[in-house]
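Geometric and topological summary
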Amino acid sequence: MTRFATYFHVHLVSDSTGETLNAMARAVCARFENVLPIEHIYALVRSPRQLERALTDIEEAPGVVIHTIVDDQLRTALEEGVRRLDMPCIAALDPLVSSLQRYLGASISRRVGVQHALDNDYFNRMDALNYAIGHDDGQGGQDLEQADVVLVGVSRTSKTPTCIYLAHRGVRAANVPLVPTRPPPEKLFELKNTLVVGLTISPDRLIQIRRNRLLSLKEDRESSYIDIEAVREETVKARRLYERQGWPVIDVTRRSVEETAAAVLNLLHGGHGQVEVLGG
């Protein structure tokens, strides 16, 4: 028996960028089968006028309201407004903040958007992002030793988006493609203090991704790029290279970019030994 999905409105109200709230809401909703949220995001809500506009929109699409409002007056106005509309209103961070406050015995900051302050961490992330862009797809190969991690893999193994994601975590990540017609740069094999990670993928999945890429480029010619035997040889050669060099390997066949990045972060924090990280 086919079970249809249940849709519901979820209103995410934040006095900052809304990234934390959006991530939390998606993580929670993903725990429910056949339930799909229709997201309404209200970011940078910092004045009564902005809040009134949000409440007007919320009234037009009844559902669940989740917020991370810090200011006491705005928070009270939001919660009372939602109560009048007879909808649930959830303060997403309250349980965690209260538990930490009890444990630490510290006062709570009322500054809005404090996690996005222009501090050293912010500028480190921007520096890492510039590095990732400048060292994408084998560019800037002469200073790979400045990277925290270098991702190596055949074409379409999510090297670039993974590097960008890592950069937003403050990690300087470069990537080097393995191209059948040319050897990797010698600099790659001279790295001493930089983590090098090999990305692998099943040939069938790789062909599927590459076909979609060619379709997006309106390119329909058959070539070794999507030939099953050529692709198998390409992936086997890549695995043999990783084994010879003793690089840790991450199978991205069934991994999202976020999961691949998390596996890389684990390797960075846990040492540079030879590790096989299997696909999920």
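Residues numbered from 1 in each chain as written. Predicted model: local features only at pLDDT ≥ 70, side-chain atom pairs only at ≥ 80, totals over all residues. Heavy atoms only, no water.

Scanning the entire structure with this criterion turns up eight salt bridges. A salt bridge links R210 to E234; the shortest N-O distance between them is 3.0 Å. In this pair, R210 is assigned in helix α8 (residues 203–216) and E234 in helix α9 (residues 228–245), connecting sequence segments 24 residues apart. Taking relative accessible area as the criterion, E234 reaches 13% and is therefore assigned buried. (Salt bridge = Lys/Arg side-chain N within 4 Å of Asp/Glu carboxyl O. Helix = DSSP H or I, 4+ residues; strand = E, 2+ residues; numbered from the N terminus. Buried < 20%, exposed > 50% of the residue type's maximum accessible area, 1.4 Å probe, protein only.)

When the UniProt feature table is mapped onto this chain, "binding site: ADP" (unreviewed entry) is found at G153, V154, S155, R156, T157, S158, K159 and T160. For the largest cavity, the lining residues drawn from the annotated set are V154. Along the chain, T157 turns up in the loop between β5 (149–154) and α6 (159–167). Residue classification places T157 among the buried residues on the basis of a relative accessible area of 1%. The contacts of T157, once residues within four sequence positions are left out, are L199, I201 and V252. Along the chain, K159 turns up in helix α6. Judged by relative accessible area, K159 falls into the buried class, the value being 6%. Non-local contacts of K159, meaning those with residues more than four positions away in its chain, are made with L151, V152, G153, V154, N175, V176, P177 and L199. Among the polar contacts made by the side chain of K159, one reaches the main-chain carbonyl oxygen of G153 at a distance of 3.4 Å. (UniProt positions renumbered as here; feature names shortened; annotations may be inferred. 1 Å grid on protein atoms, 1.4 Å probe; cavity = no way out; pocket = protein on both sides within 12 Å on 5 of 7 lines; lining within 4 Å. Contact = heavy atoms within 4.5 Å. Polar contact = N/O pair within 3.5 Å; in protein donor to acceptor, adjacent residues only side chain to side chain.)

Moving on: empty space enclosed by the protein. Evaluated as defined, the whole model comprises one cavity of 30 Å³ or more. Roughly 30 Å³ of volume is contained in the largest cavity. What lines the largest cavity is V154, L199, T200, I201, T235, A238 and Y242. Tallying contributions element by element places α9 first for the lining of the largest cavity, with three residues. Of the residues contributing to the lining of the largest cavity, the split by class is five nonpolar, two polar and no charged. (Points joined across faces, edges and corners; volume = space filled by probe spheres on them. Nonpolar A, V, L, I, M, F, W, Y, C, P; charged D, E, K, R; others polar.)

The next subject is the packing of aromatic side chains. Tallying each qualifying case throughout the model produces two aromatic pairs. The interplanar angle of 10° and the centroid separation of 6.0 Å between the aromatic rings of F189 and W247 together place this pair among those described as stacked. One end of the pair, F189, is in helix α7 (residues 186–189); the other, W247, is in the loop between α9 and β8 (249–251), with 58 residues separating them in the sequence. Residue F189 is classed as partly exposed on the basis of its relative accessible area, which comes to 29%. Residue class for W247 comes out buried when judged on its relative accessible area of 8%. (Phe/Tyr/Trp six-rings, centres within 6.5 Å; stacked < 30°, edge-to-face > 60°.)

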